[in-house]
Amino acid sequence: MAELAKNTADIQTTIPAEEKFIPPWKEAWRSFYKNRLAVIGLAIVIFFIIIAIIAPWIAPYGFKEQVMSERMQAPSSKHWFGTDDFGRDIFSRVLYGARISLWVGFFSVLGSVVVGTFLGIVAGYYGRWVDTIISRMFDIMLAFPSILLAIAVVAILGPSLQNALIAIAVINVPNFGRLVRSKVLSVKQEEYIMSARAIGMKDSRILFRHILPNSISPVIVQATLAIATAIIEAAALGFLGLGAQPPTPEWGKMLADSKNYITNAPWTLFFPGMAIMLTVLGFNLMGDGLRDVLDPKMKN
Amino acid sequence: MLTYTVRRILSLIPVLIGMTLIVFAIIHAIPGNPAQVILGQRATKETIAALTKQLGLEQPWYIQYFDYISALLHGDLGISLRTRGPINQEVWPYLAATMELTVVAIIIAVIIGVNAGIISAWFSKSWFDYAAMVFALVGVSMPIFWLGLMGQWVFSIELGWLPTTGRENPRDPVTSITNIYLLDTLLQGRFDQFKIVFQHLILPSAALATIPMAIIARMTRATMLEVMRSDYVRTARAKGLRMFWVVYKHSLKNAIIPVLTVIGLQTGLLLGGAILTETIFGWPGIGRYLYDAINFRDYPVIQSGILIIAAIFVLINLIVDLLYVLIDPRIKFTK
Amino acid sequence: MKNKMLKMLLISLLAISMFLVGCSDKSNSNAGDKEKPAEGGAPAKDTLVYGRGGDSASLDPITTTEGETFKVTINIFETLLNYGEQDTTIHPGLAEKWEVSDDGLTYTFNLRQGVKFHDGTDFNAEAVIFNFNRWMNGDAEKFPYYTMFGGFKKDEGHVIKEIKAIDDHTVQFTLKRPQAPFLKNLAMSMFGIASPAALEKYGDDFRKNPVGTGPFKFVEWKANDKIVIEKNTEYWDKSLPKLNKIIFRVIPENTARLNALANGEIDVMDGLNNSDEATVTANDKLQIIERPSMNVGYLGLTTTRKPFDNKLVRQAINHAIDKKTIIDAFYGGKALAAKNPMPPSIEGYNDAIQEYPYDLEKAKALLKEAGLEKGFEIDLWAMPVARPYMPEAQKVAEVIQESLSKINIKANIKSVDWPTYLDKATKGEFDMFMLGWTGDNGDPDNFLYTLLDKDSIGANNNAQYSNDELHDILIEAQTISDQEKRNELYKKAQEIIHEDAPWVPLVHSTPLLAAAKDVANYLPHPTGSEVLSKVEFKQ
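Residues numbered from 1 in each chain as written. Chains lettered and ligands numbered in written order. Predicted model: local features only at pLDDT ≥ 70, side-chain atom pairs only at ≥ 80, totals over all residues.

Digging into the overall build of chain B
Inference 1: Along chain B, the regular secondary structure elements total 14 helices and zero strands.
Inference 2: By principal-axis analysis of the C-alpha atoms, chain B measures approximately 85 × 55 × 40 Å.
Inference 3: When burial is assessed residue by residue, chain B has 49% of its 335 residues classed as buried.
Inference 4: The contacts of chain B with a sequence gap of at least 6 include a subset with a gap of at least 24, amounting to 71%. (Helix = DSSP H or I, 4+ residues; strand = E, 2+ residues; numbered from the N terminus. Buried ≥ 20, exposed ≤ 12 C-beta atoms within 10 Å, placed from the backbone. Contact = placed C-beta atoms within 7 Å.)

Rendered as structure tokens:
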């Protein structure tokens, strides 16, 4: 769904007039809470975050603990999700995997948000040739299918989890850049900004006091959805052998390592895939809910 | 309209130039030596050094870039290091295979997505609506490589209904004319082969179709809900289910814009997703051509492959933009 | 206008949807038929569909080093001499008889008469000379394998002084100096004799239009999809080939290939995962075919890099790796634990050498002696691709990683695409790396000199191992032709290598193929490519 936000990003949002006394965040929470799916999404996300944090304490085995005598066992009471071809406990690996996927998802998006926001502000605020160069750069980057660009970036840097994270951050930069740029452009036209400039207020002050706060909600919405995409992309890179390296229990890599066993041991494929899907679903639901609350005009 | 078209096309020029620059930069930033690629495991120091020189890899980058661009303008995509064949001849069968796969995927996505969206909106808040929307939500969250594997497991391995990989029955290969096999078999009147080709298409295209299908369903439903608030439809609904078809037709018309949008936005995802789908299903398409090229460090192929895919992406977006205006002249164009 | 267009769109959408529904119904009811093996039609099955992991790079075998090429071309081209059906002994090929002078410098070959190329031109002494002239006047880019003869015409090391035709069916090679494996080299399938007329006709396109004398003729090549060859009805041995047509099909994933085999879509597949052996055995429609082993998979310890510049550390690693676990888990028990850099099937193998036993205490003691009892951190490079000697390198690396952690060595598994991998390995940029070798011609020189002599640093001596004593022995063995004496030298060489331990020799694998039960007389060759002329379907 993150892709959709791209073309709707240009639509201007209006700031709700604060007539009532209810603080806006409370209002927001109330309407978020009313959206059942969004709450489910939030619950899934929190669930995986908790798992990621406490994985070392709740995992029955270590993620790289090889027991060659117990290779490829079907799910049982001893190994809830079965074992893989090294006799490692898949349940434990899936738990640890949550750490990796969330880490990649969160930090890659954080990277794109920071860089994208910076470039977007520079382009939108200073305009002219700076804007032209940056916007053209975004156009060009968006002209490549994102996973292709990510593969190319990893091919340059070499396959590793860190580089996959960087690649995903890079390909998402233009999305945030465009979004922020369009916000800046619209806010810049507001009368109070014009007058602030007229009375000689410093650029940095205008940016941080007035323009940035106005751009935050759409960025938060887009970022939530982007985490979902980033998790899938990281898994795809892992699946192609371009992401996490062994013995890292990254979900996509687990799928790649087990795809030879699809006939003999399908459970080695089933659970990591389910974990990816659920996490992504959580972020998508939450993102949709947030959009309804924070940025109602963006709704399709 | 004409001015808009011309302006829209002109605005592509800097994008296209920038694309060649980026692709060129990527190729040169990728570590590794093409000479080693050609010579393989039996290479020696001397042969590698000699070949590096022969390939002109020691020249400064701008000369290499200039050579590349001038060749490109002459329609020369270079020569594959691995097969030594000219890429512009080699690439077509791969491209055709991917086109067949993605077009079928889009058709599936549009037909099921639009219909599901309309029905969901019509029976809003019914069990069908909930089921369809949950399905759509799960669909957009689906890693397609996993979906592909699971599909293979269930339908090919467990049930044995569909073939696992490839595009045709290897014992009775399709004689290619256009390399789009559905077309080729029809042109030759080989309906038996057509059926087999179609069976090979089902799993990969369904996997590829899932995400756009889900998005189309959700967008259509949202559009429809608004349509249904109109007086016209309220009256129609009041007259009973028979009016469903009237509304259905009316709805289809309204569905065109979201569908176009999705096609425009999703082409990139589809083409990218094709890399994964083609790997899993042994589909000899451009995605796999490119992925193999990356694994073999076949630089000219990587370069041309990325460029071709990006160019298609840009082209489709251009067409979609132009279609918007054609269908609904009210849409104003900013650039 | 707008309405009309919409109507059209609507109608076409509906039409397509009905069409799709109709088709999928039909296909569902019929797809089950796939399960039945025979495709009906022809009374006797005579088309073999061969599934393999990668496409050929060229169909002119001398122009490439890629194994997938030779699997096809060995059926199209023939060499002067042949290997045995399943070994590397020398047998007549296009040459029926041959004589070697006592000084080992002159080789005279009597060529088979009445042999024709697929384009109808005659095979004769001129054709042989034409081919060798073409190769020796090229360079390593064009004909990489020709370096087996010591380089090219312009090079110092080139061993062939002259080739001349004594008469139409006798050809004589004169060497500059003796080359012990000369005959074995001639039998390598890359040196298949091509039609001079076709070479001239097609020029650079010969790689896509191969014309030889072999049992099969080239028909069609669709890149990354299939190659079709058919029976050469004019073949000089009238009883062969048995098959009418062979289709080589590319299915990259090993498992997908096995599924295709189980579904009856293909008849033979190579590169079966050892872990899938049980699946094949359990299926009564399938059979396993074992390829005789002539390879080695090893863990290289780059001797120029710390801490592997220390022999003690290299020996410690040798003690720390449990080959049995690796073989049981990822070779399905079907491999031999290696103790030498060459496989036992090759003459001159030193069986007296005692393997470094798996002994973590001993390993720790050696590390302590080297002053590294606290361990160290290191990169462990694993091949990104499946090779016959190591189908699952990444997984083997994970086992090694886990073993090493027990002697306090933290190994980070790294990988990179295959050509870059070779490039870096060649340059000695890896600390510790997995690699292997499949023999080209069954001579010990092709393992020991090629992989471990100091001359081969920068080529295939990726451990950058250099030992002068070893070098003298290997050079001497190259130039004498008394096989007994050569064997003694090679045995001595293996002792030196064992002591210096530049590698951990891991396995000599038995590559597996799987085939439908009705495929008969499939004789896999240790070099990795075999002529399929005797293959047939039994009822």
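As for the overall build of chain A
Inference 1: Secondary structure assignment for chain A yields eleven helices and zero strands.
Inference 2: Along its sequence from the N terminus, chain A presents helices and strands in the succession α-α-α-α-α-α-α-α-α-α-α.
Inference 3: The principal-axis extent of the C-alpha atoms belonging to chain A is close to 75 × 45 × 30 Å.
Inference 4: Burial statistics for chain A: of 300 residues in total, 53% are counted as buried.
Inference 5: Sequence-distant contacts in chain A: of pairs separated by 6 or more residues, those separated by 24 or more amount to 73%.

Quick word on the sheet that holds strand β9 (residues 226-231) of chain C
All names here are of chain C.
Inference 1: Within the open sheet, the seven strands sit side by side as β8-β9-β10-β1-β11-β19-β12. Their pairing is mixed. With one partner strand each, in any of the chains shown, β8 (216-222) and β12 (286-290) form the two edges of the open sheet. Pairwise comparison of adjacent strand axes, ignoring direction, gives a mean angle of 20 degrees for this sheet.
Inference 2: One ladder, built from two bridges, connects strand β1 (residues 47-52) with strand β11 (residues 268-270); its direction is parallel. (Pairing = 2+ DSSP bridges. Axes fitted to C-alpha atoms, helices over the stretch in contact; angles between N-to-C directions.)

Topic: the pairing of strand β13 (residues 295-301) of chain C
Walk down a regular strand and you will see the side chains alternate between the two sheet faces.
All names here are of chain C.
Inference 1: Most of β13 sits inside the fold, with seven of its seven residues counted as buried.
Inference 2: Alternating positions in β13 separate into two faces, Asn295, Gly297, Leu299 and Leu301 on one and Val296, Tyr298 and Gly300 on the other, with burial throughout.
Inference 3: Relative to strand β17 (residues 432-438), β13 runs antiparallel, the two sharing seven bridges. Bridging from a neighbouring strand, glycine 300 pairs with phenylalanine 433 of β17.

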